[in-house]
Amino acid sequence: DDPWNLNLNSRFSEHNDHRYGGTVGFNAGKFNSLTNVQYNNVDTYGVDNPGDFSTVFGSRVWNFKERLIYHPLETLKLTARAGYYFRERNKPGDTQDRNRDFNGGLKANYTFNTLSNLEVGYTFDQYDKSDYQVLYKNDVRDYSNVQHNVHALYNYTFNEKHTLTVGADYLRDYLMSYQFTDNADHTMHTADAFGQFDWNPTEHFNVISGVRFDYFSQSNVRHISPHIGLMYKIANCSLRGSYSQGFRSPTLKEMYMNFDMANAMMIYGNPDLKSETSHNFSLSAEYTKNRYNFTVSGYYNLVNDRIDLTSFRDTDGRWAQLYINTEKVDIAGVDINASAKYPCGLGIRVSYGYLHEFMRDGQMKFSSTRPHSATARIEYGKSWDNYQFNLSLNGRALSKVETNKYVGNNPDEGTTGVTYAGYTMWNLTLTQGIWEGVSLNMAVNNIFNYVP
């Protein structure tokens, strides 16, 4: 809303990690522009304990973004955006890893009246990887993912309280990769259409129902996914329940990969993969009153044909992995959240999550998902005429996990059980508003110096 605004920011940290950035925006009648530039650089450093990864390579990153909004009519808004991302990783040797991304989009929003509106849009994204040969100053591209997407979305409100939403998308997904045989390329066309109805028969009861159709060309998959959600409000409490069907088609990598991973093993795609499907059920209750909020939710997901990797001995005797559809697996969990905010400036938020995977007879667990996790945030802040501050302590705790791993690089050597210990991570942040428009943030990460 302001005629113009400017933000400049810097960040300094260990390992010569420094970031500089700025955002400038202006609003001139029917035009609105926002431009963002960021630069980041960090040196190579070694981790404290030797392991699978003992060195973190340094890198430099540039990021540019532009968004332009134009209102030719009061009922019409046009948005254009563009972006460029560049990263170079300083690994040892005569070649450097480079990553680039070009993206852009156009979107039009038209409001017919207070009851209906239409949105149509187009987006483009191209993500490339290349090896920069320092001696020859030659940049060899060996990975390119190009996506074109068009979409349309229409909303209509009945009696000022029930809303119908319909829409459709089309995506052309092109991928050329060094992970394919002879750097081959593949293209997949995806289309979907969906509808949703938001029904509010009373101020205490809400029903959202929807259905979606998906089509994927490479796997020749057609799928319909339904969804229904209910909410009932009683005083300060909201009760919710939902059912939805999940669906995921195999990706181009999972279907066509043929990758020699540093002469250690091969990874093979599988063009005969089935799509993942699931049935997802959830129940939740939320209580809000004054400065307090409490939420508890539970879910149960039945997953079929989950896409995963299996290990075997290749024809040349090497260890290899192949994408396959695994047996059925059920996943259940509970999430609990509580928060409070007091007039004195004190705020507290805690959360806990429990997740369990039901393994069937004969199934071996390879997942490293930790069953218990928790987060906590305690903050205190005050504000005066020319000075504001906020002090926050953020913590995260993860439980131990018992799983299995292969003994060596050969699956014939068998598996063994392994336990990864639990740990906590705590960060402290102080934010100060020094004077109008300028703030200073100071942080200490990993206060108790946890080292895995």
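Residues numbered from 1 in each chain as written. Predicted model: local features only at pLDDT ≥ 70, side-chain atom pairs only at ≥ 80, totals over all residues. Heavy atoms only, no water.

Let's talk about the overall build of the protein
Per the secondary structure count, the protein includes 1 helix and 29 strands. Each principal axis of the C-alpha distribution contributes one length, and for the protein these read about 70 × 50 × 45 Å. Out of the 452 residues in the protein, the part that is buried amounts to 28%. Residue pairs in contact within the protein that sit at least 24 positions apart in sequence constitute 50% of those at least 6 positions apart. Only carbon and sulfur atoms are counted for the fraction: they give 56% of the accessible area of the protein, which is about 27400 Å². (Helix = DSSP H or I, 4+ residues; strand = E, 2+ residues; numbered from the N terminus. Buried < 20%, exposed > 50% of the residue type's maximum accessible area, 1.4 Å probe, protein only. Contact = heavy atoms within 4.5 Å. Areas by Shrake-Rupley, 256 points an atom, 1.4 Å probe, with all protein chains shown as cover.)

Some thoughts on the nonpolar core
By size, the foremost hydrophobic cluster in this structure holds 8 residues: Met 257, Phe 259, Met 265, Ile 267, Leu 273, Ile 307, Trp 319 and Tyr 323. When residues of this core are traced back to their parent elements, those giving at least two are strand S17 (265-268) and strand S21 (319-325). Ignoring anything within four residues of it in the chain, the contact list for Ile 267 reads Met 257, Asn 258, Phe 259, Met 261, Leu 309, Gln 321 and Tyr 323. Ranked by size, the runner-up nonpolar core spans 6 residues in total, among them Tyr 143, Leu 175, Phe 180 and Met 188. (Core = buried A, V, L, I, M, F, W, Y, C linked by side-chain atoms within 4.5 Å.)

Let's talk about the pattern of salt bridges
Going through the model one piece at a time under the given rule, you end up with 16 salt bridges. Arg 240 is the partner of Glu 286 in a salt bridge, and the nearest nitrogen-oxygen pair spans 3.2 Å. Pair noted here: Glu 286 is in strand S18 (residues 276-289) and Arg 240 is in strand S15 (residues 237-248), with a separation of 46 residues, a long-range link. On the accessibility criterion, Arg 240 (34% relative accessible area) is partly exposed. Connected via shared salt-bridge partners are Arg 60, Glu 88, Arg 98, Arg 100 and Asp 139. (Salt bridge = Lys/Arg side-chain N within 4 Å of Asp/Glu carboxyl O.)

A closer look at the pairing of strand S8 (residues 95-113)
In this sheet, S8 lies alongside strand S7 (residues 76-89) in antiparallel orientation, the contact comprising 14 bridges. Residue pairing for S8: Ala 82 is matched across the bridge by Gly 104. Counting the residues that bridge the hairpin from S7 to S8 gives 5 residues, and of these Gly 93 lies at a positive phi of roughly 105°. Taking the residues that link successive antiparallel strands as the turn, the S8-strand S9 (residues 116-133) hairpin has 2 residues. (Pairing = 2+ DSSP bridges.)

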